[in-house]
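Summary of structural features
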Amino acid sequence: MRIRDVVIGANASMYYRLNFSKIRGVFYPRSEQEVLQIVLKANEQGLDITPKGGGSGLSGACTGGDRERFMISTLQMREILTISKDQRYVDVQPGATPNEINDLLEPLKMKFYVAPSSRDIATVGGLISTDGGGNDTWVNGTMRDNTIRVKMILYNGAQLVVDWDGVRSNDKSLEEKLNRAGMTIHDVASSHGTLGIITELRVRIKPLVEEELIGGVAEFDDYDSLGQAIQSLIDAKFPVRYGEAIVQAHEDVRGDLRLPLLVLEYPRDDALQEKLTAIADFRHLSKEEVEYLKDTRIKLPKRNPKEGIQVALFEGYGLHGKSLTEMSHSITEVNELLMEDGFRPFAKYGHAPSKWYLGDNSEAFGLVMHSREIRPEGRSGKEIFKTVARIVDKCLELGITPKPEHKWPFSDDVKKKRIMKLRDIIGGGFNSFILDDNAGEVLGSMV
Amino acid sequence: MVEFDKCVRCGSCLKICPIFEVIGEEQYSPRGKLYLLQIMDMIENDKELGKEFRRLLFQCTLCGRCSETCSSDVDLLKVWHEQRGKAIHEAPEEFAYLDALRDALSEVKNIYGLDPEDRAVFWMDELEDEFPNLEEHVYSEGKTAEVMVFLGCLMSFRGSQIDVVRGLISSLEKEGVDYLLMGAEEFCCGHPLYLTGDDAGAKQLRDHNRDVIHKAKAKTVVTCCPGCLIQLSKYHELGDVEALHHTQFFDRLLKTTPKTKRSEEFAYHDPCELHRILGIKKEPRSLLNKMKVNFREMDLACCGGGGLLRMTDPNLSDKVIQLRKAKERIQDTTVVTACPSCREQLLSAGSKTVDIIELLAEALEDEQ
Ligand SMILES: Cc1cc2nc3c(=O)[nH]c(=O)nc-3n(C[C@H](O)[C@H](O)[C@H](O)COP(=O)(O)OP(=O)(O)OC[C@H]3O[C@@H](n4cnc5c(N)ncnc54)[C@H](O)[C@@H]3O)c2cc1C
Ligand code: SF4
Ligand code: SF4
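Residues numbered from 1 in each chain as written. Chains lettered and ligands numbered in written order. Predicted model: local features only at pLDDT ≥ 70, side-chain atom pairs only at ≥ 80, totals over all residues. Heavy atoms only, no water.

1. Digging into the domain arrangement of chain A
Residues and elements named next belong to chain A. Quick note on the threshold: Domain delimitation follows an automatic or database domain assignment. Every residue pair with non-hydrogen atoms within 4.5 Å of one another is taken to be in contact. Defined here as a combined quantity, buried area equals the accessible surface (1.4 Å probe) lost by two parts on assembly, summed across both. Here, a salt bridge means any Lys or Arg side-chain nitrogen found within 4 Å of an Asp or Glu carboxyl oxygen. Polar contacts here mean pairs of N or O atoms no more than 3.5 Å apart (in protein, one a potential hydrogen donor and the other a potential acceptor; neighbouring residues in sequence count only if both atoms are side-chain atoms). Segments assigned H or I by DSSP are reported as helices when at least four residues long, segments assigned E as strands when at least two residues long, and all are numbered from the N terminus. Each residue gets one label: Ala, Val, Leu, Ile, Met, Phe, Trp, Tyr, Cys and Pro are nonpolar, Asp, Glu, Lys and Arg are charged, and the others, such as Gly, are polar.
Per the domain assignment, the segments of chain A are domain 1 (3-75 + 425-444), domain 2 (80-208) and domain 3 (213-402). Distance from the C-alpha centre of domain 1 to the C-alpha centre of domain 2: 20 Å. Taken together, the contact between domain 1 and domain 2 spans 28 residues of the former and 24 residues of the latter. Contact between domain 1 and domain 2 buries roughly 2200 Å² in total, counting both sides, with carbon and sulfur atoms accounting for 69%. When the buried surface of domain 1 facing domain 2 is broken down by residue, Ile-425, Ile-426 and Phe-430 rank first, second and third, together holding 30% of it. Run the count over domain 1 and domain 2 and you get 0 salt bridges. In this assembly, domain 1 and domain 2 are joined by 6 residue pairs in polar contact (both at pLDDT 80 or more). Sorting elements by how many residues they give to the side of domain 1 that touches domain 2 places helix H2 (residues 32-45) first, with 7 residues. Class assignment of the residues belonging to the side of domain 1 that touches domain 2 gives a composition of 14 nonpolar, 11 polar and 3 charged.

2. A short note on the sheet that holds strand E7 (residues 334-337) of chain B
All names here are of chain B. The condition that has to hold: Two strands pair under a simple rule: DSSP has to find at least two bridges between them. Here, axes are lines fitted to C-alpha atoms. For helices the fit covers the stretch in contact, and angles between N-to-C directions go from 0 to 180 degrees.
Ordered in space as E6-E5-E7-E8, the 4 strands form an open sheet in which the pairing is parallel. Unpaired on one side and paired on the other, strand E6 (295-297) and strand E8 (352-355) mark the two borders of the sheet. The average undirected angle you get between the axes of adjacent strands in this sheet is 35°. As judged from the 3 bridges shared by strand E5 (residues 266-268) and E6, these two strands associate in the parallel manner. The partner of Ala-267 across the bridge, within E6, is Arg-296. Those strands touched by helix H19 (residues 340-348) are E7 and E8, and its axis lies near 165° from that of E8.

3. Quick look at the pattern of salt bridges
As a reminder of what qualifies: Throughout, exposure labels follow a simple rule: accessible area from a 1.4 Å probe, protein chains only, divided by the maximum for the residue type, with under 20% read as buried, over 50% as exposed, and the rest as partly exposed.
Evaluation of the coordinates by the stated rule reveals 58 salt bridges over all chains. Across the salt bridge formed by Asp-41 of chain B and Arg-17 of chain A, the nearest N and O atoms sit 2.6 Å from each other. Of this pair, Asp-41 of chain B sits in helix H3 (residues 40-43) while Arg-17 of chain A sits in the loop between helix H1 (3-7) and strand E1 (23-27), which puts the two residues in different chains. Judged by relative accessible area, which is 45%, Asp-41 of chain B ranks as partly exposed. Arg-17 of chain A sits in the partly exposed class, given a relative accessible area of 23%. Each of Glu-219, Asp-221, Arg-258 and Arg-283 of chain A takes part in salt bridges that share partners, so that together they form one network.

4. Here's the deal with the site of ligand 1
Threshold: Any residue with at least one heavy atom within 4 Å of a molecule or strand is counted as near it. Accessible surface area values rest on a Shrake-Rupley calculation with a 1.4 Å probe, where residue burial reflects the displayed protein chains alone.
Of all residues adjacent to ligand 1, which total 34 residues, the nearest are Pro-51, Ser-56, Ser-118, Thr-123 and Gly-133 of chain A. Ligand 1 is flanked by residues contributed from chains A and B. Gly-55 of chain A has a polar backbone atom sitting 2.9 Å from an oxygen atom of ligand 1. One of the backbone nitrogen or oxygen atoms of Gly-133 of chain A is found 2.6 Å away from a nitrogen atom of ligand 1. Look at ligand 1: alone it shows 970 Å² of surface, and the protein chains cover 92% of it. The element best represented in the shell around ligand 1 is helix H4 (residues 124-130) of chain A, accounting for 5 residues.

5. Observations concerning the interface of chain B and chain A
Many descriptions give the size of an interface as the accessible area lost when the pieces come together. At the junction of the two partners, chain B supplies 30 residues and chain A supplies 32 residues. Around 2500 Å² of area is buried between chain B and chain A when both sides are counted, 57% of it from carbon and sulfur atoms. In this assembly, chain B and chain A are joined by 4 salt bridges. A salt bridge links Arg-4 of chain A to Glu-25 of chain B; its shortest N-O distance comes to 2.9 Å. Here chain B is connected to chain A by 17 residue pairs in polar contact (both at pLDDT 80 or more). Counting only elements with at least two residues in the side of chain B that touches chain A, the list comes to helix H1 (18-23), helix H2 (30-38), H3 and helix H4 (47-57) of chain B.

6. Thoughts on the site of ligand 2
Residue and element names in this part refer to chain B. For clarity, the cut-off: Method remark: on a 1 Å grid restricted to protein atoms, a set of points is classed as a cavity if a 1.4 Å probe fits but cannot get out and as a pocket if it is open with protein on both sides within 12 Å along at least five of seven lines; lining residues have an atom within 4 Å of a point. Just a note on the criterion: a molecule sits in a pocket or cavity if more than half of its atoms are within 2 Å of the grid points.
Close to ligand 2 lie Cys-7, Val-8, Arg-9, Cys-10, Gly-11, Ser-12, Cys-13, Arg-31, Leu-34, Cys-70, Ser-72 and Leu-76. If you map ligand 2 onto the pockets, it falls in the largest cavity. Among the residues making up the shell around ligand 2, the classes are represented as 7 nonpolar, 3 polar and 2 charged.

7. Some thoughts on the domain arrangement of chain B
All names here are of chain B. Partitioning chain B into domains gives domain 1 (3-90), domain 2 (99-253) and domain 3 (266-367). Of note, the centres of domain 2 and domain 3, computed from C-alpha atoms alone, are 21 Å apart. The partner domain 3 presents 29 residues to the 32 residues of domain 2 that form the contact. Both sides of the domain 2 and domain 3 interface together cover about 2500 Å² of buried area, and 68% of this is carbon and sulfur. Ranking the residues of domain 2 by area buried against domain 3 places Pro-226, Thr-247 and Asp-251 at the top, with a combined share of 22%. For the pair domain 2 and domain 3, the interface holds 3 salt bridges. Our enumeration of links across domain 2 and domain 3 arrives at 12 residue pairs in polar contact (both at pLDDT 80 or more).

Okay, here's the thing in structure tokens:
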């Protein structure tokens, strides 16, 4: 074992205590050609392959689980290959980050509008594989909405170009089969490295927008009213540019906030204002007041209660449809589960309206709610993972998307079935542990 | 909670690390090294891994950019400091190459292993014609002055620094400052030992310097070297004596300065230890602006010369400055800086460079 084989396990999820002896090689290719050589070598040796970008994913998918495997990092594939301002796209290697792309676009007054908070490290290859997005998905969509095409290498070395119309490949019979199966970008989005390794992307860019925004806040008597107001904004396709709900906060950090509340920023326009007033009792906020609330929200995950330490046990809950409009029920159920397992609710907040995709590629709109809790002392990794697994089940029962933003691929049966169908055609070989029945156990062993 | 356990492995510190930037593999990144500490219980029985890890700890310029970036408040510099000390303690044989440095510091109190008397010889020989009273300004028992100048090992011994020493002395003279240079009574500030995590060794050197500074009844100690300033201001326990960087000293002293005659565009390289670790950002720029120096800011990134990297891995150090040079397009530009160590790096990469004090001395001279 060498240190570079161990360090490749570094990632932002709580699944980081890997069985390093299963890692058979770590590679940092610079070009598609180098990737191809590594893939063929893995194929020859019958090893699995796990692609890794910035390792900022929070599902543990970039660890590769417990398979005997090669790990391919794209951190050295970060070149911006072409910028077409006229046709509004950028061709880029998979290891580039949104920040790196936007640094080059800024002088051209163009922007790549995918802005996760992790944009300094998350790679575009990782972002399409998790279908990530920022707090502006309501306006700008998720990564898949901003992807025009991807190039991939499969386990047998075949090259694919996948776009919204289908697939092209140097293996014509494969191309035909995949097109018959209807493979598009939808399938690559959120596939968590299970299909192949992405070696290049063409992403959409748009002109930089500067518009005058005004801010407002509404305080609600209960969670249902908050959820219904968010739903009304969604139904009205209200042009929210920034929307943040603070749902709950522990008394040690709540200050003078009246919760739940919803802060919005939207374009200055009388007609819009009227529409908004009809939805809820929004009062105007000055720029300073908006900044104060944004700051309060940003600090929530960083502050601790007077006693105990807070953690993010399960970063995100995608409340939409009934789980949003009947939010009181959703929150009560989740909190009860947490408390049964010894976790005390600390804060809940998140962006709304937000957009994400479900496993069947339909769009979901709602609140991406982050949750922080005060952790009990002396829990083992396995016990903590048990709570995580219970939360996932609870989400599915309540119609909440588990981790809509950071993604939780392990319980998405629709998506998994689709991936398996495509893998039957293209062959497996990539990040297979996600599809294993014992994926939960493997994750539990890495907490 | 131990410091490194606060790291949530988010990766924000990866791309800003100069070492990761040149090598591009995760083990060279701050996150990578903290990760190794977090899972150390899983690998500590593997001797080879331990050895590799200890080596990695010294493949770092201690530029502090990781600490500055981290939003989880991990004090990475503190971690690197403690872990370096621990590494040398656990496996001294792996750091035999540092023995010469340690021996030199314990025997002759300078990093070059040269006779301590020579501290005041090289620059004296060079400069005594220009400054005939220079001898009087060299400290010996009984002499006192308002300002004590602490040159540091690099500026005392290296020919490449002579223009900076000249600039400093010239500016002090022009402004009629009551000053002394510590000369042969100056011991190394202890920074190199501190960078190896050897606090005890550094303390001995500091104790001597403090004594001299107090005996000279100085109110202020001035140094051009940010590394020395870290030691003087944070660890020398100088009491009422204020330790200042030369840019701070002259920016305070001179409300206005004459305008520089140089019209070319310079690039300002802000030394990591100066702006990031000591938080001195305003004064160098203020001085440049007072002199109406036309300069552009360079990225606030490391030159590759810190953290003893020149000694622990000179190739890596070269790679950092070469990449920096290429990225910042400084081929035909003179880089202004305010640190003898950065100056050495820039010179080694074939770049033209001046210290702010050289520009100041020129401007003051031109005025006369
Ligand atoms: C502090 C913090 C804030 C975050 N904020 C957000 C946010 O606002 N929005 C959001 O959506 N996410 C957020 N995330 C989660 C994370 O940044 C995203 O999931 C991101 O998409 C992961 O990208 P990555 O390059 O780090 O991928 P990794 O974590 O390295 O990998 C993620 C998945 O992608 C696969 N993969 C990576 N590269 C390739 C490739 N070239 N080909 C095939 N498969 C590949 C991996 O196998 C893995 O399954 C945040 C994470 C952190 C730590
Ligand atoms: S930025 Fe801080 S929390 Fe994030 S990986 Fe680096 S040290 Fe860890
Ligand atoms: S101190 Fe500088 S060189 Fe060292 S790990 Fe941090 S960023 Fe990298």
